[in-house]
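Residue strings, one per chain:
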Amino acid sequence: MRIAQLQLPVLEDKTANLRALEPWMARAADGGADLVALPEMFCCPYETPRFPAYAEPEGGETWTACAGLAARHGLYLAAGSMPERGGDGRIYNTAYVFDPRGRQIAKHRKMHLFDIAVDGGQHFRESDTLSAGSRVTVFDTAFGRLGLAICYDIRFPELFRLMALDGALAVLVPAAFNGTTGPAHWELTFRARALDNQLFCLGTAPARDPAASYQSWGHTIACDPWGRVLAQLDEGPGLQLTDLDLTYPAQVRRQLPLLAQRRTDVYTLTAAGAGRDGQ
């Protein structure tokens, strides 16, 4: 499976962000991509007060544009994330995935909200305007079973283990680490989740905008089940193509049978309440 990760600049004009996708999608298609992955909040500046103003219901302008792009180019499209206004009136940080016919096949609402206060570094509170999702998201493609998470979700190993136990061979993570957390933890965390669960882990970030109040670290990354970095961009706009052999997780798990050797007589991990898939 060939993945195209698009590290894109984010403009204030939502419609301009959507228009800008077309040439990037064409480049990905020309490069033989099977799936295109977009960044977290690819259509909205990453600022807490902006999320309600940019929010749309499922099936809104941004959702429709992404479904059309997937169908027009005949590709799977993991449409980063966008602010969603739910039927309950709440605002969510939501990732959708569309198949090559433009049909929605997955939806993930960010489960862990980015509320941090690093001494001498980044302060941010998503919970000022966003609500948290509650479902573990895995979905099937013609190539294999994939998982879906958003940015801060990657810091919670239990979520990734649940996806691995549910058959995920790769996890797509639209994410926007910053100048404090990026240098310290970006590569380390993606390699760790890939290694822990013996799957591919791919983080797709916005390009850095020095004029923005929140500056993305960039460095879109792809890691393999052995914990190796397969590819990584710098901070500027770019397209990264990576070929994933989705039989490789099984090879690694056979050699190092970590999942099979879990001591389920001593400890267990299950998805509580809402379970998985959909919202």
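Residues numbered from 1 in each chain as written. Predicted model: local features only at pLDDT ≥ 70, side-chain atom pairs only at ≥ 80, totals over all residues. Heavy atoms only, no water.

1. A short note on the environment of Cys-44
- Tracing the chain through its elements places Cys-44 in the loop between β2 (35-37) and α2 (50-54).
- On a C-alpha basis, the gap between Cys-44 and Gly-203 in space is 18 Å, while along the polypeptide they are 159 residues apart.
- Once you skip the residues sitting within four places of it in the chain, Cys-44 turns out to touch Val-10, Asn-17, Arg-50, Phe-51, Tyr-54 and Pro-83. (Helix = DSSP H or I, 4+ residues; strand = E, 2+ residues; numbered from the N terminus. Contact = heavy atoms within 4.5 Å.)

2. A word on the packing of aromatic side chains
- Tallied over the full model, the rule gives 10 aromatic pairs.
- Relative to Phe-143, the ring of Tyr-76 has its centre 6.3 Å away and its plane inclined at 70°; by these criteria the two rings are edge-to-face. Here the residue Tyr-76 occupies a position in strand β3 (residues 76-78), and Phe-143 occupies one in the loop between β9 (137-140) and β10 (145-148), the gap between them amounting to 67 residues.
- A residue is classified by how much of its surface remains accessible, and Tyr-76, at 10% relative accessible area, is buried.
- With a relative accessible area of 37%, Phe-143 lands in the partly exposed category.
- The interplanar angle of 35° and the centroid separation of 6.4 Å between the aromatic rings of Tyr-96 and Phe-98 together place this pair among those described as tilted. (Phe/Tyr/Trp six-rings, centres within 6.5 Å; stacked < 30°, edge-to-face > 60°. Buried < 20%, exposed > 50% of the residue type's maximum accessible area, 1.4 Å probe, protein only.)

3. Observations concerning empty space enclosed by the protein
- For the structure shown, the criterion picks out 1 cavity of 30 Å³ or more.
- Computed from the structure, the largest cavity encloses a volume of approximately 50 Å³.
- As for the largest cavity, its lining consists of Tyr-46, Phe-114, Cys-151, Tyr-152, Arg-155, Ala-176, Phe-177, Thr-181 and Tyr-214.
- Partitioning the lining of the largest cavity into residue classes produces 7 nonpolar, 1 polar and 1 charged. (1 Å grid on protein atoms, 1.4 Å probe; cavity = no way out; pocket = protein on both sides within 12 Å on 5 of 7 lines; lining within 4 Å. Points joined across faces, edges and corners; volume = space filled by probe spheres on them. Nonpolar A, V, L, I, M, F, W, Y, C, P; charged D, E, K, R; others polar.)

4. What about the layout of surface pockets?
- Its volume calculated, the largest pocket comes out at about 280 Å³.
- Forming the walls of the largest pocket are 20 residues, and the residues nearest its centre are Val-10, Pro-45, Tyr-46, Asp-209 and Ala-212.
- Classifying every residue of the lining of the largest pocket gives 12 nonpolar, 3 polar and 5 charged.

5. Looking at the nonpolar core
- Leu-35, Phe-160, Met-163 and Phe-190 are the most contacted members of the largest nonpolar core, which totals 48 residues.
- Residues in contact with Leu-35, not counting those within four places in the same chain, are Met-1, Arg-2, Ile-3, Ala-4, Tyr-76, Ala-78, Leu-146 and Leu-172.
- Residues Ala-33, Leu-38, Trp-63 and Leu-113 belong to the second largest nonpolar core, which totals 40 residues. (Core = buried A, V, L, I, M, F, W, Y, C linked by side-chain atoms within 4.5 Å.)

6. A short note on the packing of helix α4 (residues 157-165) against helix α5 (residues 181-197)
- The N-to-C vectors of α4 and α5 enclose an angle of 40°; their axes lie 10 Å apart at closest approach. The angle between the axes of α4 and α5 places the two elements in the oblique class. Where α4 crosses over α5, the handedness of that crossing is right-handed. Between α4 and α5, the residues in contact are Pro-157, Phe-160, Arg-161 and Ala-164 and Arg-193, Asp-196 and Asn-197, respectively.
- Considered class by class, the residues forming the contact of α4 with α5 number 3 nonpolar, 1 polar and 3 charged. (Axes fitted to C-alpha atoms, helices over the stretch in contact; angles between N-to-C directions. Parallel < 35°, antiparallel > 145°, perpendicular 65-115°, else oblique. Left-handed = near helix turned anticlockwise from the far one by under 90°.)

7. Considerations on the packing of helix α1 (residues 14-30) against helix α3 (residues 61-73)
- With their axes 11 Å apart at the nearest point, α1 and α3 run at an angle of 15° to one another. Of the possible angle classes, the one that applies to α1 and α3 is roughly parallel. You can see that α1 and α3 cross each other, and the crossing is right-handed. Of the residues in α3, those touching α1 at Lys-14, Thr-15, Leu-18, Leu-21, Glu-22, Met-25, Ala-26 and Ala-29 are Glu-61, Thr-62, Ala-65, Leu-69, Arg-72 and His-73.
- Of the residues assigned to the contact of α1 with α3, the class counts are 7 nonpolar, 3 polar and 4 charged.

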